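Listed here are the chains, written in short residue letters.
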Amino acid sequence: MKILSPVTGLFWIATTAALVLLPGIAEARIYYVDSTNAPGGNGQSWGDAFHDLREALDVVRDRDEIWLKKGNYVLAPGHFHSSRLPYPDIFLIERRIALRGGFSGTERYASDRGALNPVETILDGNRSEQIIKVQGYGRKEITIEGVSIRNSEAEQNLARGIAIDARGNRTDVLRILNCEIRGNRLQKFNGRTRAVWVVGMGAQVKHTRCIANQNLAGLCFMNSHAVLENCVSTDNFFGVEAFTTGSNSRSITIRNSIFETNTDGIRLNGMDATIVDTSAVENDFWGGYIRNQQQTGAFKKIEIIRSSFSENGRDGLLLSGRVDAACHDIECRYNVKNGLSITGEVTGEFDDSQFNRNLEKGIRTEHESEDLVFRNFTVNENRTVGVDLRIGGAAFINGEISGNGQTGLELDPFPFGNSVSATLMNVVFSSNKTSQHGGAIRNGGHLKAYFCTFAGNSALDEGDAISEHLIGTDPPETTVVASIFWANEGSGIPVSTPLSQNSVLNQMNQDPLFVRMPNPASSNFGDLRLTANSPAIDIVFSLAVPLDEFDIDKDGNTTEPLPRDREMMARTVGDCPDAGAYEFNPLTSGRNAGSSAKSLSSSQKSSGNLSESWTDLMIGKSSTSLKGGNIYNTSGVGQKVSRYPGKSGKLHFTAENDGILADTLRIRRSRGSRYFRVRFFQLSGGITNISGEIRTGSYFLDIDSMKSHSYRMNWRKKRQRNKSAGLNIALIAHSNGGGKDVVLAD
């Protein structure tokens, strides 16, 4: 016998004999619910649908489905039809079912609904203490899809979720798909009550928004394995919270999601975590707060890829405790305190990442490990110290530390004693300055610098490039090999101990003949590659080349001599290596002339100091009125688009990528605009001339213009009566592949 599933449209094949032999197996049923129907329906069809969702929840069995017609379903007092039994004061799910919203009332199959908009099917808590409760054990798989869950309210000291409360065991799975969790309220935050709280169960949350849940974590997972994909969590206490208790070992995966304007964006404790293509921006405190307080056991694995932790009120990303981090292509920029903070026993690697323009430090560490490695990084234009090492050790390979306001790198053992160390290979220090001593580096521990370049750094006291910080119990140690010191202005000497014989250019007053000298006064970090006549070419003894102990080329060989320079080109071209971070290669000398911006290193690209530039983003044309400056660059000039209540408009743009690395485009509110917050989206390398539009409606602005190369963003705008609702925005293109970022309007 063939049975046609009304949910999937697929045929299952069974035999009458099999059905007789297995009487416990029954065909899954669909119950229909329509809040506009009169009470008394039996739920068997749209025409005879239940009036109240609680009636359907009372009769469902395992594997059944409940289909909700668009409308409001309120937790109001009432009684079951033809019964004196009162409705429960909660939507209670005790079976393995699927609860699906978004139906028009004519569908035969779930796929007939088309695109889901959860705000069209509302489960209204009517200020009750809970809305949905999931309970029961025994391999249950529960799906909640296409509904908006809102309007619950609770006092403090409730150890549960008030929008969705789910408690199960390790065999249970809760799926929340295409939903909205909005406007639920806890009278006072106490860290125990959450909007959505999943305990013990596995959880999959996809295409879901958690918005404006007051004093509540939007999503919380306790002792659960959780997966979040394509989610947005804004204006909550925590955007997402996940933690374990006791010896439980759990993990969370977060992909393609946005956490912003929460108190904390992402807050994890004791979890293995994978975070990919995610943005945690403009939160009141931390963008990402990730820790493992367990004193014993394995380190928790934290993997973060292509994600931004920027413009937050404290640190962009904090890692604490027994954590082993693997971070690739992350941004920690424009935070009010530090870009990246590390405390405890953290180990790990950070590749291809930026820690720029934070209001305090780019990187700050107080950790007990020697196993931190930063490769292909930039730590530029932080207001105070670029990198502050307080305890433990770190290696910095192929990077740039430039334009920082109170020294580039500080090895500061206070108050922990003299137990801090740093190893540098192929690192550029340019235009750092300090009102104390040590413009580029203030060394209070153990410093080894190989093939580094110091230019345009300054200090008020001494050590315009490097000084020794006599604060620990033991005298500091400074070893500098094959490095260049030039034009470090001020009263000090490059370093207070003798340099190695290979680092002699500054002492002999030899101009290294860089392609372009830095100009700190204009935030120009220069182009510190060597020209063909540089005296730094072929002057380093081969025996002075260190071993590739940090595997710069990732070929698994850590006993070979250092094989690459700052640009990952060959470290030795000719008879001997060159001094400084860059090796001159006559076969590719065009890259040293600054003629092709696309061939330059990522640190020079992101610094915005090249003489060339091209348009990364163009806005204008069709249905908009652009006012004010029509060029955006680093000065911050924005655009103004005027709109009237009830009207819609479009802001058209064309984005262009350099074709090498990803560019980040940022759409940011201008000063005086109350209702728009920062949004980021990504352009992948090699993608050029991508067109899109921003629609300006009366409630949301949506952008999904770049398909797989973008984040989807939804913006709420408060409607203003009887007056023009001006939309003030600045469109900012942070290029990793060109000169100063420029936005043109036509």
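It should be noted that the structure appears before, not after, this text.
Residues numbered from 1 in each chain as written. Predicted model: local features only at pLDDT ≥ 70, side-chain atom pairs only at ≥ 80, totals over all residues. Heavy atoms only, no water.

### Description of the overall build of the protein
Spelled out, the test is: Numbering of helices and strands starts at the N terminus; helices are DSSP runs of H or I of at least 4 residues and strands are runs of E of at least 2. Partly exposed describes any residue whose relative accessible area lies between the buried limit of under 20% and the exposed limit of over 50%, with all areas from a 1.4 Å probe on protein chains only and scaled to the type maximum. The Shrake-Rupley method, run with a 1.4 Å probe, gives the accessible areas here. Residue values count only the displayed protein chains as cover.
If you tally the helices and strands in the protein, you get three helices and 62 strands. Looking at the protein as a whole, 56% of its 746 residues are labelled buried. A total of about 29800 Å² of accessible surface is found on the protein, and carbon and sulfur atoms cover 48% of it.

### A word on the pattern of salt bridges
How we decide: Criterion for a salt bridge: a side-chain nitrogen of Lys or Arg within 4 Å of a carboxyl oxygen of Asp or Glu.
Here the structure, examined in full by the defined rule, presents 36 salt bridges. Between Glu241 and Arg194 there is a salt bridge, and its shortest N-O distance comes to 3.0 Å. Within this pair, whereas Glu241 is found in strand S23 (residues 238-243), its partner Arg194 is found in strand S17 (residues 194-199), the two being separated by 47 residues in sequence. Judged by its relative accessible area of 10%, Glu241 falls in the buried class. Taking relative accessible area as the criterion, Arg194 reaches 5% and is therefore assigned buried. Across the pair Glu345 and Arg322 runs a salt bridge whose closest N-O atoms are separated by 3.3 Å. Linking Glu345 in the loop between strand S33 (340-344) and strand S34 (347-351) with Arg322 in the loop between strand S31 (317-321) and strand S32 (323-331), this pair joins segments that are 23 residues apart in sequence. The exposure class of Glu345 is partly exposed, given its relative accessible area of 27%. We classify Arg322 as buried; its relative accessible area is 12%.

### What about the nonpolar core?
Short version of the rule: Each nonpolar core is a collection of buried residues, namely Ala, Val, Leu, Ile, Met, Phe, Trp, Tyr and Cys, held together in the definition by side-chain atoms within 4.5 Å. The contact criterion used throughout is that any non-hydrogen atoms of two residues lie within 4.5 Å.
With 101 residues, the main nonpolar core has Ile66, Leu123, Phe221, Leu228 and Ile252 as its most contacted residues. Contact partners of Ile252, with chain neighbours within four places excluded, come to Phe221, Ala226, Leu228, Val240, Ala242, Leu268, Met271, Asp272, Ala273 and Thr274.

### Re the pairing of strand S27 (residues 271-276)
How we decide: When DSSP finds at least two bridges between two strands, those strands are taken to pair.
Of all six residues making up S27, five are buried, and the element is well covered by its neighbours. Here strand S24 (residues 250-255) pairs with S27 via six bridges, running parallel. Along S27, the bridge assignment pairs Ile252 with Ala273. Sheet topology places S27 next to strand S30 (residues 300-308); four bridges connect them, and they run parallel.

### Observations regarding the packing of aromatic side chains
Centre distance and the angle of the planes are the two values used to describe a pair of aromatic rings. To be explicit about the condition: Pairing of aromatic rings covers Phe, Tyr and Trp, the last counted by its six-membered ring, and requires centre-to-centre distances within 6.5 Å; plane angles under 30 degrees mean stacked, over 60 mean edge-to-face, and any other angle means tilted. Charges are assigned to positions over rings by a cutoff of 6 Å between ring centre and Lys NZ or Arg CZ, combined with an angular limit of 35 degrees from the ring normal.
Scanning the model with the defined rule gives 15 aromatic pairs in all. Relative to Phe485, the ring of Phe454 lies with its centre 4.5 Å away and its plane at 5°, an arrangement referred to as stacked. Of this pair, Phe454 sits in strand S44 (residues 453-455) while Phe485 sits in strand S48 (residues 484-486), and the two are 31 residues apart along the sequence. Relative accessible area serves as the criterion here: at 0%, Phe454 is assigned to the buried category. Exposure remark for Phe485: the relative accessible area of 1% places this residue in the buried category. Among the aromatic residues, those joined into a cluster by ring pairs are Phe350, Phe355, Phe374, Phe377 and Phe396. If you follow Arg167 out to its NZ or CZ, it ends over the ring of Trp197, 5.5 Å from the centre. Note that Arg529 overlies the ring of Tyr582, its terminal NZ or CZ placed 4.8 Å from the centroid.

### What about the side chain of Glu560?
For the record, the criterion: The charge count includes Lys and Arg as positive and Asp and Glu as negative, but it does not include His or the ends of the chains.
Tracing the sequence through the fold places Glu560 in the loop between strand S50 (527-530) and helix H3 (602-607). In this structure, Glu560 is buried with no salt-bridge partner, the nearest side chain bearing the opposite charge being Arg564 at 7.6 Å. Not counting residues up to four positions away in its chain, the partners in contact with Glu560 are Pro546, Leu547, Asp548, Asp553 and Asp555.

### Considering the state of the cysteines
Keep this limit in mind: Cysteine sulfur atoms that come within 2.5 Å of each other are treated as a disulfide pair.
All chains considered together, the criterion is met by zero disulfides. With no disulfide of its own, Cys179 has Cys210 as its nearest cysteine by sulfur position, at a separation of 9.4 Å. The buried category is assigned to Cys179, whose relative accessible area is 1%.

### Quick notes on the pairing of S31
In terms of burial, S31 is largely enclosed, as five of its five residues are buried. Taken together, the five bridges between strand S29 (residues 288-292) and S31 define a ladder with parallel strand orientation. The residue of S31 that forms the bridge with Asn292 is Gly321. Summarising the sheet, S31 and S33 pair through four bridges and their orientation is parallel. Paired with Leu319 across the bridge in S33 is Ile342.

### Re unusual backbone geometry
Backbone phi values are negative for most residues with the exception of glycine, while trans is the configuration of most peptide bonds. Here Glu381, not a glycine, exhibits a phi torsion of approximately 55°, which is positive. Assignment of secondary structure puts Glu381 in the loop between strand S36 (372-380) and strand S37 (387-389). A relative accessible area of 23% places Glu381 in the partly exposed class. Located in the positive-phi region is Met568, a residue other than glycine, with phi close to 65°. We classify Met568 as partly exposed; its relative accessible area is 30%.

### Points about the environment of Leu268
Residue position: Leu268 is located in strand S26 (residues 264-269). By relative accessible area, which is 2% here, Leu268 ends up buried. In this structure the C-alpha to C-alpha distance between Leu268 and Leu319, which are 51 residues apart in sequence, comes to 9.8 Å. Residues in contact with Leu268, not counting those within four places in the same chain, are Ala242, Ile252, Ala273, Tyr289, Ile290 and Arg291.

### Observations regarding the environment of Pro535
Here Pro535 is to be found in the loop between S50 and H3. For Pro535, a relative accessible area of 25% gives the class partly exposed. Considered as a pair, Pro535 and Asp511 are 24 residues apart in the sequence and their alpha carbons are 7.6 Å apart.

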